[in-house]
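As a plain string of letters, each chain reads:
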Amino acid sequence: MLIALLIAAAALATAASSASALIVHVNSHKALSYEPLRGATRLSASPFATPRAKGKNLLYHGGPVMHANTNYALYWAPSGSQPYAAGFQSGVNKYLEDLGHDSGGNQNVDSVATQYSDSSGEVANYASHFGGALIDTEKYPVSGCVAAATCLTDAQIQAEITRYVKANNLPTGLAHEYFLLTPPGVESCFATGSSECSAGTATPAFCAYHGFIEASSIVYANDPYVLGNEACDTNEHPNGPSDSALLGGLSHEHNESTTDPQLNAWYGAEGKENGDKCRTFIESSEYGTPLGNAENGSRYNQLINGAHYWYQQEWSNQGSACLQRLTPPAPAITKLTPKKGPAAGGTSVTITGSGFSGATDVRFGAAPAAAFTVQSSTAIKATSPAGSIGVAEVSVVAPTGTSAPTKKDRFKYTKK
């Protein structure tokens, strides 16, 4: 979602319905990033946007990414709260467990984030873990906003997450994220008197949002209950009611937090983060091609730990498109060191290039290397086999394909 920033009530301007969120600040100057709902009004411009900026890819703004993420589902439901739908909590927990199970792979949309890195050299790796389900029974404070009977401001949400994390000695920092999932009837607004509020209020604008609590170093997301709310929930539920949380923003916020946890890393010139770019409300770009239908008839576009899921794609700077998953490129060779050796074989050759992870074969012409070791995604150490005097094309074979011939991959066999 775009980073939302509510400077003051007087600065709000109603605009036409838009498929994009905005980068704005709340009254406390706290930056937030929210997922817009269908038909939401928004600020007329984002203070993070660059007027008439060219290009549509995400740009790097100097901040950190999350190189790993342990995710916690925080259910804030005091005694007397309306119940979550049957299977809602267990379904959300299972999703976060499944996401962790497939970490490191490219089976789902979390793999798209791995193309983004920061100035420290950290990559937004697909390295997820489920920290567990947390139950918070603390009473809600007196409503800080008036858009619903129970209405929490972002300041109140920040305060409670901070209190709970501290009281339970839970970890903080850029390797952890807390997803606040409130029950039916609990709504939220960015600030007191704000017209930017959750989907179930009189002034709906967002489905969910993410932010960073600087004082306590907590990455968090606010995911209000949106089951059955057509502005956020498309009703594609291959796993049941818990899928409404994913459609309502949990996956969206998770991917944006990974690539922009402090709201100063990766977002476009117009203020959109990787999830916002694909929150188009056009099915082909927002969700991509369905992979099939689950047993209950719902479609799915993600297969995670063998389970079916349906939620939005994420933006890829590679190809400037919304993707369900990032397919690693085929191997490419850019250099051989040395470039020649005796026809008897036995020369140790360093192959430099890209896409070497998981390489299954190295060949000198038609002959397999006598031995090879994949040192990294960009380097392979291979031993030349015996060959005929002349030039042989060296190739690397990996699950993603075989390197294409170039002038850089030619190894010359000599008499000695």
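On a predicted model such as this, the values are computed, not experimentally measured, just so you know. (Residues numbered from 1 in each chain as written. Predicted model: local features only at pLDDT ≥ 70, side-chain atom pairs only at ≥ 80, totals over all residues. Heavy atoms only, no water.)

**A look at the pattern of salt bridges**
It is possible for side chains bearing opposite charge to pair when their charged atoms get close. This is how the line gets drawn: Each reported salt bridge corresponds to a side-chain nitrogen of Lys or Arg within 4 Å of a carboxyl oxygen of Asp or Glu. The rule is simple: take the accessible area with a 1.4 Å probe, protein chains only, and divide by the maximum for that residue type; under 20% is buried, over 50% is exposed, in between is partly exposed.
By the definition in use, this model includes 11 salt bridges. Note that Asp-361 and Arg-363 form a salt bridge whose closest N and O atoms lie 2.7 Å from each other. Judged by relative accessible area, Asp-361 falls into the buried class, the value being 18%. The network of salt bridges with shared partners includes Asp-136, Glu-138, Glu-160 and Arg-163.

**Notes on the nonpolar core**
Operational definition: To form a nonpolar core, buried Ala, Val, Leu, Ile, Met, Phe, Trp, Tyr and Cys residues must be joined to one another through side-chain atoms within 4.5 Å. Helix and strand assignments come from DSSP, with helices taken as H or I runs of at least 4 residues and strands as E runs of at least 2, each series counted from the N terminus. Any two residues whose heavy atoms approach within 4.5 Å at even a single point are treated as in contact.
Counting 23 residues, the largest nonpolar core has Phe-88, Val-92, Tyr-95, Leu-181, Leu-250 and Tyr-311 as the members making the most contacts within it. Of all the elements in the fold, those that place two or more residues in this core are strand S5 (69-76), helix H1 (88-101), helix H3 (243-259) and strand S17 (307-309). In terms of residue count, the dominant contributor to this core is H1 (5 residues). Sequence-distant contacts of Tyr-95, that is, excluding residues within four places in its chain, are made with Leu-246, Leu-250, Ser-251, Ile-304, Tyr-309 and Tyr-311.

**Details of the pairing of strand S26 (residues 379-383)**
Here is the rule we go by: When DSSP finds two or more bridges between a pair of strands, those strands are recorded as paired.
Of the strand pairs in this sheet, strand S22 (residues 348-354) and S26 are connected by 5 bridges, and their pairing is antiparallel. Among the inter-strand pairings, Val-349 is bridged to a residue of S26, identified as Ala-382. Across 5 bridges, strand S25 (residues 371-376) lies against S26 in antiparallel orientation. Its bridge partner being in S26, Ser-376 is matched across the sheet by Ala-379. Between S25 and S26, which pair antiparallel in sequence order, lie 2 residues.

**A closer look at the environment of Gly-63**
With respect to the element layout, Gly-63 can be found in the loop between strand S4 (59-60) and S5. Separated by 203 residues in the primary sequence, Gly-63 and Trp-266 place their C-alpha atoms 7.9 Å from one another. When near neighbours in sequence (up to four residues on either side) are disregarded, Gly-63 contacts Asp-118, Asn-264 and Ala-265.

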